[in-house]
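Descriptive analysis of the structure
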Number of protein chains: 2
Amino acid sequence: MGVAFLLAQLGSHAAGLFAERVAALDLTPPQAGLLRMLKGSPGCSQRELADRLGMPPSRFVPFVDTMEERGLVERRRNPDDRRLHALYLTEAGESLLDELRPLAMAHEADLTSTLSPEEYRQLKGLLQRMAADKNLTPGVHPGFRSVRPR
Amino acid sequence: MGVAFLLAQLGSHAAGLFAERVAALDLTPPQAGLLRMLKGSPGCSQRELADRLGMPPSRFVPFVDTMEERGLVERRRNPDDRRLHALYLTEAGESLLDELRPLAMAHEADLTSTLSPEEYRQLKGLLQRMAADKNLTPGVHPGFRSVRPR
DNA sequence: TATTGTTATACTCTATAACTATA
DNA sequence: TATAGTTATAGAGTATAACAATA
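So, here is what we can say about the structure in this document. Just so you know, these numbers come straight off a predicted model, no measurement behind them. (Residues numbered from 1 in each chain as written. Chains lettered and ligands numbered in written order. Predicted model: local features only at pLDDT ≥ 70, side-chain atom pairs only at ≥ 80, totals over all residues. Heavy atoms only, no water.)

Remarks on unusual backbone geometry
Positive phi, normally seen in glycine, also occurs at A:Asp26, with a value near 60°. Given the relative accessible area of 40%, A:Asp26 is considered partly exposed. (Buried < 20%, exposed > 50% of the residue type's maximum accessible area, 1.4 Å probe, protein only.)

Here it is, written out as C-alpha cells:
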C-alpha cells in the first residue's frame, strides 16, 4: 500500500472518529467547522462562508437555520448593505466551542497515541509540507461536505 | 492544525485526485477496488465482498450488475452451494487492472512529489504504524463507500 | 429455520433554478 | 442589471425490508 492509499484510509478513519466525538455535543463536523470559522472571522457573509465550506447557498441556509434555532449562531443584517446577512457566534456558541476544544485534543492524542513525541513532530512536519505543496488551506476541508446535518 | 485534521484533509484530497484519475478508465474508486479485490481473492461470494466494501447487499447487486454488463467481472454459481454467486475477473477485467496500476503509481508520485526519498520512507513507515495500530486492514477503505457508481 | 442473493419501496439528500429584496 | 439570500421542486442515491431460492 502506498502513501496515497494510507492517507485516504487514515483520513477517512480520523474523520469518522471525529464525527463520533462531536456527536456527543450534538454536532456534525461541518457544524463544528462553522463554529470555528465564526470564531476566527466573525461577521462573515453567508455567501463567503458557504463558499469556504464548499456548500451551495441553498444548502447553507437550512444548515444555518438549525444552528440559529439552537441559539449557537446569530444572523445580523449589515446596515451598509442590507442584502448581506452577517453571521456571529452567540455566547452559547462560544461556550460550545470551548467544549469542543478539549474534545479535539483528545481526538488528536488518541489518533497519534502510537507515536513518540519525536515521531509526532516528524509526521506533522511532513504532512504540513504536503498540504502546503497542494495548496490546501487550513479550515474546513471538502470531505466534510458530505457529512449530513441533523 | 493537528495531525488528525491534516490526515483528514490530505486523505480527502488524495481520494478526490484518485477518483479523477480512474475516471479516465471510466471507473469509480469502489469499482477499481473491486477489481483489485478480485485479483487478490478470486471466487469470493458477493456477501463477503459486500462486507469488505462496507456496502449493503442491496447496493452491491446493481454495483456488480454494471461491472458484469461491461464484461469486467463474471458471476459463477458455486455448484457445492448453489446459493452462492462467486465473482471472478474476466480477461477484460484483468487487462483493465493492468491499465490501473501505472495510473496508481503516477497518483502516488504526484501526491508525494514534494518529499525526498528519505522523507517518503519516513512518512510511509509512520502511516503504516498508525494504520496497524488502528487495525485498518489493507483493502478498500470505508471512505470509498460514498463515491457513487456511474 | 437460516442464509444468499435479489427486488421494491419509501425516504433522505442534493442541486437547479425560480423568486424576493436590496443595490 | 447584478448580487445575497431564500424557497420550491424534481431527481438521484440510499437503506429497510419483503421476497425467492437454496441449504
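Describing the pattern of salt bridges
Residues and elements named next belong to chain B. A full pass over the atoms with the stated rule returns 26 salt bridges over all chains. Its salt-bridge partner being aspartate 26, residue arginine 70 comes within 4.0 Å of it at the nearest N-O pair. Taken together, the residues span a long stretch of sequence, with arginine 70 in the loop between helix H4 (57–69) and strand E2 (73–77) and aspartate 26 in the loop between helix H1 (3–23) and helix H2 (29–40) at a distance of 44 residues. A salt bridge links arginine 121 to glutamate 118, with the shortest nitrogen-to-oxygen separation between them at 3.3 Å. Of this pair, arginine 121 and glutamate 118 are both found in helix H6 (residues 117–133), three residues apart, which corresponds to roughly one turn of the helix. Judged by its relative accessible area of 53%, arginine 121 falls in the exposed class. By relative accessible area, glutamate 118 is classed as partly exposed at 42%. (Salt bridge = Lys/Arg side-chain N within 4 Å of Asp/Glu carboxyl O. Helix = DSSP H or I, 4+ residues; strand = E, 2+ residues; numbered from the N terminus.)

Things to note about the protein's contact with DNA strand C
Every one of the 19 residues lining DNA strand C counts as a neighbour, but A:Pro56, A:Arg82, B:Gln46, B:Arg47 and B:His85 are closest to it. In DNA strand C, atoms within 4 Å of the protein come 79% from sugar and phosphate. For DNA strand C, a base oxygen lies 3.1 Å from a polar atom in the side chain of A:Ser58. Side-chain polar atom of A:Arg59 to a phosphate oxygen of DNA strand C: 2.9 Å apart, as the coordinates give it. Among the elements of the structure, helix H4 (57–69) of chain A together with helix H3 (46–53) and H4 of chain B are those that each provide at least two residues to the surface near DNA strand C. (Near = heavy atom within 4 Å. Polar contact = N/O pair within 3.5 Å; in protein donor to acceptor, adjacent residues only side chain to side chain.)

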